[in-house]
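Summary of structural features
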Amino acid sequence: MRKPVAVLFLVSSLLTSPTATQGLSNANNAHAYAPPSSRCFSTTDSNSTGSTCSVVAPSKGGNGKVERPRIPVLHYKDNYVCVNKPAGLTVHRSKGTPRRTFVLSTLLKRQLSRKVFPVHRLDHRTSGAILFAFDSKSAGKIHGSLRSDDATKQYVALLRGDLCDDLDVEPGQKISIDKPLKVDGVEKTARTDFTLLASIAGSDDQRNDIESRADFVPSCSLVLCEPIDSGRTHQIRRHAYALGHPILGDTEHGDTRINRWWRNNRGLNRLALHCFSLDLPSWDDESENGGGGDDDGIDDDDNSGIQCLAPLSPELLQVLQGEGMEQLWEEALERDSRLSAEFVDMRGGSFGRNFQKK
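Just so it is clear, the model here is predicted, and its values are computed rather than measured. (Residues numbered from 1 in each chain as written. Predicted model: local features only at pLDDT ≥ 70, side-chain atom pairs only at ≥ 80, totals over all residues. Heavy atoms only, no water.)

**Overview of the overall build of the protein**
Counting secondary structure elements, the protein contains 10 helices and 14 strands. Expressed as a percentage of the 358 residues in the protein, the buried residues total 45%. Of the accessible surface of the protein, which amounts to about 19100 Å², a share of 47% is contributed by carbon and sulfur atoms. (Helix = DSSP H or I, 4+ residues; strand = E, 2+ residues; numbered from the N terminus. Buried < 20%, exposed > 50% of the residue type's maximum accessible area, 1.4 Å probe, protein only. Areas by Shrake-Rupley, 256 points an atom, 1.4 Å probe, with all protein chains shown as cover.)

As structure tokens, then:
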């Protein structure tokens, strides 16, 4: 019995010593939760360069209440909502989701005071436009519209390497990758169009100069990606890899050393992929309005489809407008001025059935 007593005495004396107490206090302060900005679901680590995007665990603020980030709302209608998903946030909870982490569907349900049904999904480390319906019937109809031949989804991606030099592609030119992809062990047709917006040639030897030269300049290409007639799992990421120019920040298909350089020197600690715009055709809607505004619902008389533009997230803009990227950004803006769209977050209107009680 003496050994346990000695151990307890030793631990007690360590915890009560000034040095240990100060160390524990510093550790707690280092991991203290800072409420994320409503414009970006990100935190800053003092040991790294730039901003990082990651899952933030629920934490209590000074008033004892759990502080949750606000999800920017792009469009709000009676039957659906389109939001700008931050990177580092899972759409819905699954077996692999850590217990004490925020989930987009749960945050949105609480923010809008309504149950939400995801129409489609985005990867954990991808940001951008994502649709939620307010009832299962509307979710099915909008999902059907999303899968139609007339629907258009556009993504902005920053690829490794210079497409102009490597593939002899001119800015504004389109490259199509038509390659079947395996989904649950079954090969399915898949095609992705990549439109080059701008590129940087960078240093001559990208693989060796990255570690040996202090003035290393990375080569990269900014592109618009459009999945055609399909939306397979990780389709854009896999087709970019097949192109020989994986998306920066892609830990599965990319180059570890290149990704590390962008993370340490440019603050890109996420996948450089953003769902930029959604354009869905109209559909027949026979369901009742889900409650909310008077004239904003989807009904038979007003059903013009869905058009939604998600401005680039702040941490991605920081990379694209950062050091050494000025020429790429200016050339890209000349070809698609939508890239400079300002931050949007709708806060007016009838947000949920209980909006009058707020």
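From this point on, the discussion continues.
**Overview of the side chain of Asp336**
The topology assignment puts Asp336 in the segment after α10 (326-335). Within the structure, Asp336 has its side chain in polar contact with the side chain of Arg338 (distance 2.9 Å). When neighbours within four sequence positions are excluded, Asp336 is seen to be in contact with Leu197, Leu224 and Phe276. (Polar contact = N/O pair within 3.5 Å; in protein donor to acceptor, adjacent residues only side chain to side chain. Contact = heavy atoms within 4.5 Å.)

**Details of a negative patch on the surface**
There is a patch of like negative charges on the surface, built from Asp165, Asp166, Asp168 and Glu170. With respect to the helices and strands, Asp165 occurs in helix α5 (residues 163-167). The exposed category is assigned to Asp165, whose relative accessible area is 60%. (Patch = residues over 30% accessible without salt bridge, like charges linked within 9 Å, V, L, I, M, F, W, Y side chains within 5 Å. Salt bridge = Lys/Arg side-chain N within 4 Å of Asp/Glu carboxyl O. Lys, Arg positive; Asp, Glu negative; His and termini not counted. Charge placed at Lys NZ, Arg CZ, Asp CG, Glu CD.)

**Concerning the pairing of strand β8 (residues 174-178)**
Side-chain alternation along β8 places Ile175 and Ile177 on a buried face and Lys174, Ser176 and Asp178 on a face that remains uncovered. As paired elements, β8 and strand β11 (residues 191-200) share 5 bridges and run antiparallel to each other. Bridged to Ile175 within β11 is Phe194. (Pairing = 2+ DSSP bridges.)

**Thoughts on helix α8 (residues 256-266)**
When we look at burial in α8, the residues that qualify are Ile258, Asn259, Trp261, Trp262 and Arg266. Buried positions in α8, seen along its axis, are confined to an arc of 155 degrees and lie on one side of it. (Arc of directions from axis to C-beta.)

**Looking at the packing of aromatic side chains**
Enumeration according to the criterion identifies 2 aromatic pairs in this entry. Taken together, a centroid distance of 5.5 Å and an interplanar angle of 50 degrees make the contact between Tyr76 and Phe134 tilted. Taken together, the positions of Tyr76 in strand β3 (residues 73-76) and Phe134 in the loop between β6 (127-133) and α4 (136-146) put the pair 58 residues apart, joining distant regions of the chain. In this structure Tyr76 comes out as buried when scored by relative accessible area, which is 8%. Ring geometry for Trp261 versus Trp262: centroids 5.7 Å apart, planes at 80 degrees, classification edge-to-face. Residue Trp261 is classed as buried on the basis of its relative accessible area, which comes to 11%. Among the residues examined, Trp262 registers a relative accessible area of 2% and is labelled buried. When the ring centre of Phe134 is taken as reference, the NZ or CZ atom of Arg114 above it lies at 3.9 Å. (Phe/Tyr/Trp six-rings, centres within 6.5 Å; stacked < 30°, edge-to-face > 60°. Lys NZ or Arg CZ within 6 Å of the ring centre and 35° of its normal.)

**A word on helix α3 (residues 104-112)**
Those residues of α3 that fall on the buried side of the exposure criterion are Leu104, Ser105, Leu107, Leu108, Gln111 and Leu112. Down the axis, α3 shows its buried residues gathered within 160 degrees of arc, on one side only. With its phi angle positive at about 60 degrees, Ser113 sits one or two positions after the end of α3.

**Thoughts on the environment of Ser127**
Mapping Ser127 onto the fold places it in strand β6. Along the primary structure Ser127 and Lys85 are separated by 42 residues, whereas in three dimensions their C-alpha atoms are 5.1 Å apart. In this structure the side chain of Ser127 is engaged in a polar contact, spanning 2.7 Å, whose partner is the side chain of His274.

**Here we look at the nonpolar core**
With 78 residues, the main nonpolar core has Leu158 and Trp262 as its most contacted residues. Non-local contacts of Trp262, meaning those with residues more than four positions away in its chain, are made with Leu158, Pro218, Cys220, Leu248, Gly267, Leu268, Val319 and Met325. (Core = buried A, V, L, I, M, F, W, Y, C linked by side-chain atoms within 4.5 Å.)

**Examining unusual backbone geometry**
Of note, the phi angle at Asp168 is positive, near 55 degrees, even though the residue is not glycine. For Asp168, the position within the fold is in the loop between α5 and β8. Judged by relative accessible area, which is 59%, Asp168 ranks as exposed.

**Brief notes about the side chain of Asp193**
In this structure, Asp193 sits in strand β11. On the basis of relative accessibility, which here comes to 4%, the residue Asp193 falls in the buried class. A distance of 2.5 Å separates a polar atom in the side chain of Asp193 from a polar atom in the side chain of Ser176. Asp193 has contacts with Lys174, Ile175, Ser176, Leu224, Cys225, Glu226 and Ile228, leaving out every residue within four places of it along the chain.

**Regarding the state of the cysteines**
Per the counting criterion, the structure on display carries 0 disulfides. With no disulfide of its own, Cys275 has Cys82 as its nearest cysteine by sulfur position, at a separation of 7.9 Å. (Disulfide = S-S within 2.5 Å.)

**Describing the pattern of salt bridges**
On inspection of all chains with the given rule, the structure shows 8 salt bridges. One salt bridge connects Asp250 with Arg237, and the closest N-O pair in it is separated by 2.9 Å. With a gap of 13 residues between them, Asp250 in the loop between α7 (235-242) and α8 and Arg237 in helix α7 connect regions that are remote in the sequence. Arg237 shares its class with Asp250; the two are buried. With a shortest N-O distance of 3.5 Å, Asp345 and Arg347 are connected by a salt bridge. Judged by relative accessible area, Asp345 falls into the buried class, the value being 15%. Classification of Arg347 by relative accessible area gives exposed; the value is 55%. One salt-bridge network, in which partners are shared between bridges, spans Asp123, Arg237, Asp250 and Glu252.

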